[in-house]
Amino acid sequence: INSTPQGLQIKVDGQTYTTPVNIVSVEGIWREIIPVSPQTTNNGVTYDFVSWSNGSSKILSVQTPVNDISYTATFSTTLRTPENPQYSVSGMHYEYFEGSWNSLPDFTLLLPKKEGNAANIDLTYKEVNDNFAFNFTGYIEIPTDGNYTFYCNSDDGSRLYIGNSLVVDNDGLHSKYEASGTIGLKAGKHAMRVEYFEATG
């Protein structure tokens, strides 16, 4: 049993396997093969089942044949629909906070010390060198449908969200470190949020 793309999950009689996989069975025994759909891979891409190579429905009931036979499940990526706000401005809105944290706080529970608009994600609006945080919000324009990989390189923790989906999780106390994540996006303007905090050092 295979899938397009490879490395996705299917269930055979309720047991989960990652493709490609060879299933050995007694001739004449009925097996039930079901693709896991939707499923999200470790890199954050969500896939939906499209079809089986033999044209069967999602639940593939097969009687084990005398000779080997192959089945391939085709999947497609789920692309996020953009917000496409009627009015938006360039740059990012920022909220600036001061405090001591070991991980990113819940900004909805905090009152910012100041806020404003910045041309880019920019830390020059800080008023101290340690124990501060930023919450940046805005929109990112995606030119064409597809899967996009985002990167956060920070010291200390950072996170990047597209809409409410956490795409990059680089949280925690650490020296400069880069993390990444991938998400399927339709063309248009998507809401984006980047959180960052600095402890010491």
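Residues numbered from 1 in each chain as written. Predicted model: local features only at pLDDT ≥ 70, side-chain atom pairs only at ≥ 80, totals over all residues. Heavy atoms only, no water.

Participant: How do you make sense of the packing of aromatic side chains when you look at a structure like this?
Facilitator: Ring pairs (aromatic) are described by centroid distance and by the angle formed between their planes. In the structure shown here, the tally under the stated rule is ten aromatic pairs. Centroid distance phenylalanine 97 to phenylalanine 107: 4.8 Å. Interplanar angle 35 degrees. Geometry classified as tilted. Of this pair, phenylalanine 97 sits in strand S9 (residues 92-98) while phenylalanine 107 is found in the loop between S9 and strand S10 (114-118), placing the two residues ten residues apart along the sequence. The exposure classification of phenylalanine 97 matches that of phenylalanine 107, with both residues buried. Every member of this aromatic cluster is reached through a ring pair, and the members are Tyr94, Tyr96, Tyr125, Phe132, Phe134, Phe136 and Tyr196. (Phe/Tyr/Trp six-rings, centres within 6.5 Å; stacked < 30°, edge-to-face > 60°. Helix = DSSP H or I, 4+ residues; strand = E, 2+ residues; numbered from the N terminus. Buried < 20%, exposed > 50% of the residue type's maximum accessible area, 1.4 Å probe, protein only.)

Participant: Is there a simple way to think about the sheet that holds strand S11 (residues 132-142) in this case?
Facilitator: Within a sheet, neighbouring strands are paired by backbone hydrogen bonds and run either parallel or antiparallel to one another. If you walk across this open sheet you meet the six strands as S10-S9-S11-S16-S13-S14, and the pairing is antiparallel. Two strands lie at the open edges of the sheet, namely S10 and strand S14 (165-170), each paired on one side alone. Strand after strand, the sheet turns through a mean of 20 degrees between neighbouring axes, direction not considered. Of the pairings in the sheet, the one linking S9 to S10 comprises five bridges and is antiparallel in character. Each residue of the ladder has a partner; that of tyrosine 96, found in S10, is lysine 114. (Pairing = 2+ DSSP bridges. Axes fitted to C-alpha atoms, helices over the stretch in contact; angles between N-to-C directions.)

Participant: Help me understand the nonpolar core, please; the structure alone is not making it clear to me.
Facilitator: As a rule of thumb, soluble globular proteins bury nonpolar side chains together. Within the largest apolar cluster, 20 residues are counted, with the highest numbers of intra-cluster contacts made by Phe150, Leu160, Ile162, Val167 and Val168. Contributions of two or more residues to this core are made by S9, S11, strand S12 (146-154), strand S13 (158-162), S14, strand S15 (177-185) and strand S16 (188-198). Tallying contributions element by element places S11 first for this core, with four residues. Residue contacts for leucine 160: discarding those within four places in its chain leaves Phe150, Cys152, Ser165, Leu166, Val167, Val168, Met192, Arg193 and Val194. Counting 15 residues, the second-largest nonpolar core is a separate cluster that includes Leu8, Val12, Val21 and Ala73. (Core = buried A, V, L, I, M, F, W, Y, C linked by side-chain atoms within 4.5 Å. Contact = heavy atoms within 4.5 Å.)

Participant: When you look at the environment of histidine 93 in this model, what are you seeing that I'm missing?
Facilitator: Mapped onto the elements of the fold, histidine 93 is located in strand S9. In this structure the C-alpha to C-alpha distance between histidine 93 and leucine 185, which are 92 residues apart in sequence, comes to 22 Å. In this structure, histidine 93 is in contact with Glu115, Gly116, Asn117, Asn135, Phe136 and Thr137, ignoring residues within four places of it in sequence. A polar side-chain atom of histidine 93 sits 3.2 Å from the main-chain carbonyl oxygen of glycine 116. A distance of 3.3 Å separates a polar atom in the side chain of histidine 93 from a polar atom in the side chain of asparagine 117. (Polar contact = N/O pair within 3.5 Å; in protein donor to acceptor, adjacent residues only side chain to side chain.)

Participant: Even after reading the chapter, I still don't get the side chain of glutamate 195, so can you show me in this structure?
Facilitator: By the element assignment, glutamate 195 lies in strand S16. Polar side-chain contacts of glutamate 195 include one of 3.3 Å to the side chain of arginine 193. If we skip the residues at most four places from it in the chain, glutamate 195 touches Leu104, Phe107, Phe134, Asn135, Gly157, Ser158, Arg159 and Tyr161.

Any functional reading would require information beyond the geometric quantities listed.
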